[in-house]
Amino acid sequence: MTASIPRQRERRQAFGELLAALTRGLDQRGDVSLMRGAFEEMLRRVVPVRSIRLRELGARWPNRGDEAIGAESIALEVPGPDPASPGVLEATFDPGRALGEWDFQMLGLAAHIGALVLEIERGRTRLARAGLFGSGGPRRDGAAPLIGSTPAMQTLRSTIERMASTDFTILLEGESGVGKELVARQIHDLSRRRHGPFVAINCAALVETLLEAELFGIEDRTATGVRGRRGKFEYADGGTLFLDEVSDLSLSAQAKLLRAIQDLTIQRVGGHATHRVDLRIIAATNRSLSDMVERGLFRPDLFYRLSGVDIRVPTLRERRPDVMELAQYFLERHRSTCALRLSTAAADALTSYAWPGNVRELERLMERAVALACGNVIELDDLPSTVRGDYSAALGPSLQRNETMRAWGSRYARLILERSDGNKREACRVLGLSYHTLQAYLRYPIHESAVVADQTWRITNEPDLPVAEPVGPIEEEPTACAAGDV
């Protein structure tokens, strides 16, 4: 009687840890399939076995040929609502480590808990397919939604909705910072796999020597002190695997990845059998894979496995009207206590900027503006010089001196002429002006006092250019610049 007390105390403690792990899994609404992994991991710590597998009969992981090599195994039936398709709890252990009565009791009790885990997965799967179990809750990673109302974004949303209803492999193309991972998450959230995990891999950060263990997992005791663990493919089982910047993989890494993508089968490091996984693959690249194939930097067979269903994510330059919508979203997202807004000049500068870093750069810039803004309005001077750029050079001095419209127009015309390398014909084309009008703007003295310069210009140039003529496209009929005028 005395000897059985420690066993009972140990059993209660182990049972409590197992239930606590499953309770934490209930909070992970987007990654419900990870409950099964938590269940298997905790049970393996409680019972001295090599591996634990909880599955439905006829589902994934049907055979494990490596278990028959140097290991013994047992299988316990997991009860379920449908007697025709019960579950099974498989445990493998070393021949020299016989399981005791207490271990078999724990496995028997765990089989009943495993039945609850499988039923939770089935229930959420049915709700997800019926559209009643969405991902409307807050994201753990704080990812932004797809912001924008331009035709390019409307087309992208339409493409995402069509692709989400399939299980095809998708290749996302676009510059760095356009939001390729965000698009991949949108596809996952709209697909029938939204109840499963979304596992993202940064291919550029994978260490060559650890690539196979990271992707495919490693068996227990493969090397001294190494414990068996799952790879990214197994963690994504039942969900979506996102391969970010797949173009950064070396040729040898591409060869290792090809077979897994082609057959959706993996083999752990140190294992002898292959296992099939049920997942969807979405790859992303900021470089043209077809060009890399021509230069011999990317395997053609892997390229044809990834491409075919391609989605191009537009740059921020291609949807400039969305800049202000995104900026307002980031201001609301990162504001602390007071509501901030952009001045007209700052908004115009943001819209005119080229955005080489795309949406990521805009978000970081808004964070900087929120941190450095002195008032409730973000002014032009609150933006970095790289963003102000030519906009500040053309408009800033005129604002500081309260110059007239003609003075600003003259300054802007000189700036365009400088950017055209002094070619007046090109400056006329960019400005939409005739050569005569351009000459009039260039003759205006912008370095004198604004009032005196404007009065002098009116006296000397009134016959040539009407006072009410705007700086933009001129009302007079534009005439082409003669070759001799340039």
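Residues numbered from 1 in each chain as written. Predicted model: local features only at pLDDT ≥ 70, side-chain atom pairs only at ≥ 80, totals over all residues. Heavy atoms only, no water.

Asks: I'd like a rundown of the sheet that holds strand E3 (residues 87-93), residues and numbers included.
Replies: What the three strands build is an open sheet, ordered E1-E3-E2; its pairing is antiparallel. Taken across any chain shown, the strands that pair with only one partner, and hence form the sheet edges, are strand E1 (51-56) and strand E2 (72-78). Across the sheet, the mean angle separating the axes of adjacent strands is 20° when strand polarity is ignored. As paired elements, E2 and E3 share seven bridges and run antiparallel to each other. By the bridge assignment for E3, Glu-77 is matched with Val-88. (Pairing = 2+ DSSP bridges. Helix = DSSP H or I, 4+ residues; strand = E, 2+ residues; numbered from the N terminus. Axes fitted to C-alpha atoms, helices over the stretch in contact; angles between N-to-C directions.)

Asks: Quick rundown of the nonpolar core? Include the residues and the values.
Replies: Among the nonpolar cores identified, the biggest contains 31 residues, and Phe-233, Leu-241, Leu-243, Leu-279 and Phe-298 are the most heavily contacted of them. Among the elements of the structure, strand E5 (198-202), helix H6 (211-216), strand E6 (240-244), helix H8 (251-263), strand E9 (280-285), helix H9 (289-294) and helix H10 (300-306) are those that each provide at least two residues to this core. With five residues, H8 is the single largest residue contributor to this core. Ignoring anything within four residues of it in the chain, the contact list for Leu-243 reads Ile-201, Cys-203, Leu-257, Ile-261, Ile-281, Ile-282, Ala-283 and Ala-284. Formed by 27 residues, the second largest nonpolar core is a distinct cluster that contains Leu-316, Phe-330, Ala-349 and Val-387. (Core = buried A, V, L, I, M, F, W, Y, C linked by side-chain atoms within 4.5 Å. Buried < 20%, exposed > 50% of the residue type's maximum accessible area, 1.4 Å probe, protein only. Contact = heavy atoms within 4.5 Å.)

Asks: Lay out the packing of aromatic side chains with the relevant residues and their values.
Replies: Summed over all chains, the structure comprises five aromatic pairs. Relative to Phe-242, the ring of Phe-198 lies with its centre 6.0 Å away and its plane at 25°, an arrangement referred to as stacked. Here the residue Phe-198 occupies a position in strand E5, and Phe-242 occupies one in strand E6, the gap between them amounting to 44 residues. Given the relative accessible area of 12%, Phe-198 is considered buried. Judged by relative accessible area, which is 0%, Phe-242 ranks as buried. Ring geometry for Tyr-353 versus Trp-355: centroids 4.7 Å apart, planes at 80°, classification edge-to-face. A single burial state applies to Tyr-353 and to Trp-355, both of which are buried. (Phe/Tyr/Trp six-rings, centres within 6.5 Å; stacked < 30°, edge-to-face > 60°.)

Asks: Let's hear about the sheet that holds strand E10 (residues 310-312): which residues, and what values?
Replies: Spatially, E5-E6-E9-E4-E10 is the arrangement adopted by the five strands of the open sheet, whose pairing is parallel. The open sheet has two edge strands, E5 and E10, and neither has a second partner. Within the sheet, the average angular offset between the axes of one strand and its neighbour, ignoring direction, is 20°. By the bridge criterion, four bridges tie strand E4 (residues 170-173) to E9 in an arrangement that is parallel. Bridge pairing in E9 places Ile-170 opposite Ile-282.

Asks: Please give an account of helix H4 (residues 151-164) that cites residues and values.
Replies: Spanning 14 residues, H4 covers 20 Å between terminal C-alpha atoms, matching the ideal 20 Å at 1.5 Å per step. Buried residues belonging to H4 abut E4, helix H5 (180-190), E9, E10 and helix H11 (322-334). (Expected span 1.5 Å × (residues − 1).)

Asks: Any details on the side chain of Asn-358? Residues and values, ideally.
Replies: Take Asn-358: it is sitting in helix H13 (residues 358-372). A distance of 3.2 Å separates the side chain of Asn-358 from the side chain of Glu-175, its partner in a polar contact. Apart from residues lying up to four places away in sequence, Asn-358 is in contact with Glu-175, Ser-176, Gly-177, Val-178, Thr-315, Leu-316 and Arg-317. (Polar contact = N/O pair within 3.5 Å; in protein donor to acceptor, adjacent residues only side chain to side chain.)

Asks: Describe the packing of helix H16 (residues 424-431) against helix H17 (residues 435-443), with residues and values.
Replies: At a minimum axis separation of 10 Å, H16 and H17 run at an interaxial angle of 100°. By the criterion of interaxial angle, the relationship of H16 to H17 is roughly perpendicular. Residues Lys-424, Ala-427, Cys-428 and Leu-431 of H16 touch H17, and the partners they reach there are Tyr-435, Leu-438, Gln-439 and Leu-442. Considered class by class, the residues forming the contact of H16 with H17 number six nonpolar, one polar and one charged. (Parallel < 35°, antiparallel > 145°, perpendicular 65-115°, else oblique. Nonpolar A, V, L, I, M, F, W, Y, C, P; charged D, E, K, R; others polar.)

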